[in-house]
Amino acid sequence: MQGVAVELIRVTKRYGAVTAVDAIDLRIPAGSYCCLLGPSGCGKTSTLRMIAGHEAIDDGDVRLGDTVVTHMPPARRGTAMMFQSYALFPHLSVVDNVAFSLKMKGVARDARRARAMEFLLLVAMEKYAERLPAQLSGGQQQRVALARALVTEPQVLLLDEPLSALDPFLRGRVRAELKRLQRELGISFIHVTHSQDEAMALADLVVVMNAGRIEQADTPRAVFDAPRSEFVARFIGGHNIVVTAAGKAAVRCDRLAVARGDEMPADGLGLAATVQAVEYQGSSVVLSLQEERHADLAAVMDDAIFFADPLQPGDRVTVRWRPGDAHRLD
Amino acid sequence: MSRVASSRAALWQAAPLVVLLAVFFVLPLVLVVVVSVWDYNDYAILPDVTPRNYRDVFEGCLVALPELCVTFKTYLSTLKFCLMVWLSTLLIGFTVAYFLAFHVRSLGWQVVLFLVCTIPFWTSNVIRMISWIPLLGRNGVINQWLQQAGITDAPLEWLLFSDFSVLLAFVHLYTMFMIVPIFNSMTRIDRSLLEAAYDAGASGWQTLWNVVIPLCKPGIVIGSIFVVTIVMGDFVTIGVMGGQQIASIGKIISVQMSYLQFPLAAANAVILLAVVMMIIWAMTRAVDIRREL
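In this text, all values refer to a predicted model and were calculated from it rather than measured experimentally.

Caption draft 1: A look at the sheet that holds strand β13 (residues 257-260) of chain A. All names here are of chain A. Ordered by their spatial adjacency, five strands build an open sheet running β13-β17-β14-β15-β16, and the pairing between neighbours is antiparallel. Each edge of the open sheet carries a strand with a single partner, namely β13 and β16 (297-302). Going from strand to strand, the sheet's axes swing by 45° on average, the running direction of each strand aside. Relative to strand β15 (residues 284-290), strand β14 (residues 271-280) runs antiparallel, the two sharing six bridges. Along β15, the bridge assignment pairs Thr 274 with Gln 290.

Take a look at the structure:
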């Protein structure tokens, strides 16, 4: 599929005096997996809810495809939302939950149940069709919620922290399944999360938000490789913020070269530091380092390299990086 | 603590309530059932086991069919009131509860409006009933106003001491018993369910019918039980507001007691109890209210 699925144009949301979402612009390509990433209160959920039509837009416009949907109700937008708590109707069986939107459209009982069964088959829940939501596990409820959202055949599926209620083991499996579904259906998924791992693993487009603004919208690789702001570097993690002559820069922890001794290299590019702690993590070792101006440097070393000459807390080291690995921050 | 000791402690904890229920609920009920099979004459009640009282209640009822005997007519009239009051309180109670639960956003206002609803309960039942009389009477405020405004020529007779005034008083007295449990059910509805319905394209009415009402059923049934049991057993409201002209089962029992026909009154009470229990059984069959308790 080509083109833009969702476009936000200076979209603003205010709650009284507080601006939750501050004139953001965003284009989400059709058929892509987009993650809105940020800490709680950054405006990511408000943004999702405005795209869904569950939150009034105070300023700006939302377009889906070629249509301006700013003032349309959710059902006419071609979006469907999967709620954080799944919001399954507790009094309806699984199949009636999935068939709910078809019932609202006036589809006859047998036809809508048949259609609902197709979508239950898609999420492998057809065996549980006659159960009530309370009789399902969290993961199963989520599949039903997914089927219920997909049965409306949306162009854009909106997911509000879909994995947060699941245990870590299930989270990984569901993550893979969401990605598979998105590929197979070829529609856009917009997924709100505060977990960078989730965003990295799933997204074609990661939108990092902070305080109602978009800090960076890029591919996961670009966001991780070249964070544009200190906030992004810190939030994504795995980065050191170093102060250079040209200003602050982000350097990936695994791009730091650590050498024993505090002899500064001839070109003067490097930092002399003390090892504070050594943490073994299997395939890698994380060193916490202290330097005069940088209290909390971290270096990730390959385990083979580390154990060739193991460092101890208190050892003096020099830390270097290639100029190309330092990304200037705004 | 051993299991025996802990279960003994649990028994002690349950004891006060058991004693209370035994003395004030089970014992009187057993006495009523026992007395209902006793015999009586003009000046004494006689311990006995006789079906006479039950036979007397339904005397001539089967023979007279399809004409209704007094007992059947009275039950029919009581059930008719019960149905009308139930429908009216349900409609008003549901609407008020819906407004309080979904349109009043702040907890503060909800509390204030609830207190406003309870204001009628600051006075006794009888005073609340009697205060309708100056309003609805032949020369009451409403009739005078209607005549002055030229809407009617003569006073409306059906305003007071009529089915209408009985219904009005019942609704006035007992709607609160509907509001509270329905409101309680509504506050338990997860708001995201309403959003999910909206997301699925449901209109306001569709959401009401397909989501809100089904989830309020336990509250509706609990409120209905309150209203039905009160109205089925009432004799004061029907007496005062009906001008002592309208029959009800409660009224029959009260009259029989005033003639000291205790066994007959007891038999009537047992039959009434059975009827009410059947209604409640039917309602709880339709809806599982345990979720709410």
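Caption draft 2: Representation of the sheet that holds strand β4 (residues 59-64) of chain A within the structure. Residue and element names in this part refer to chain A. With respect to topology, four strands assemble into an open sheet ordered β2-β1-β4-β5, the strand pairing being antiparallel. In the strand order of this sheet, the two ends are held by β2 (18-29) and β5 (67-68), each with one partner. In this structure, strand β1 (residues 4-15) lies alongside β4, joined through five bridges in antiparallel fashion. Across the sheet, the residue bridging to Val 6 is Leu 64, located in β4.

Caption draft 3: View of the domain arrangement of chain A. Structurally, chain A comprises domain 1 (4-230) and domain 2 (240-328). Computed over C-alpha atoms, the centres of domain 1 of chain A and domain 2 of chain A are 40 Å apart.

Caption draft 4: Representation of the interface of chain A and chain B within the structure. On the side of chain B, 14 residues touch chain A, which itself brings 16 residues to the contact. Elements that contribute at least two residues to the side of chain A that touches chain B include exactly α2 (74-77), β6 (79-82) and α4 (100-104) of chain A. Of all the elements, α4(A) adds the most residues to the side of chain A that touches chain B, at three residues. For the side of chain A that touches chain B, the residue count by class is ten nonpolar, five polar and one charged.

Caption draft 5: Broad picture of unusual backbone geometry. Residues and elements named next belong to chain A. Phi at Tyr 86 is positive, roughly 75°, even though this residue is not glycine. Mapped onto the fold, Tyr 86 is located in the loop between β6 and α3 (94-98). Phi is positive for Ala 211, which is not a glycine, with a value near 50°. Structurally, the position occupied by Ala 211 is in the loop between β9 (205-210) and β10 (213-218). Of the residues examined, Ala 211 has 15 C-beta atoms within 10 Å and is grouped as partly exposed.

The rules behind each value
- Residues numbered from 1 in each chain as written.
- Chains lettered and ligands numbered in written order.
- Predicted model: local features only at pLDDT ≥ 70, side-chain atom pairs only at ≥ 80, totals over all residues.
- Pairing = 2+ DSSP bridges.
- Helix = DSSP H or I, 4+ residues; strand = E, 2+ residues; numbered from the N terminus.
- Axes fitted to C-alpha atoms, helices over the stretch in contact; angles between N-to-C directions.
- Domains from an automatic or database assignment.
- Contact = placed C-beta atoms within 7 Å.
- Nonpolar A, V, L, I, M, F, W, Y, C, P; charged D, E, K, R; others polar.
- Buried ≥ 20, exposed ≤ 12 C-beta atoms within 10 Å, placed from the backbone.

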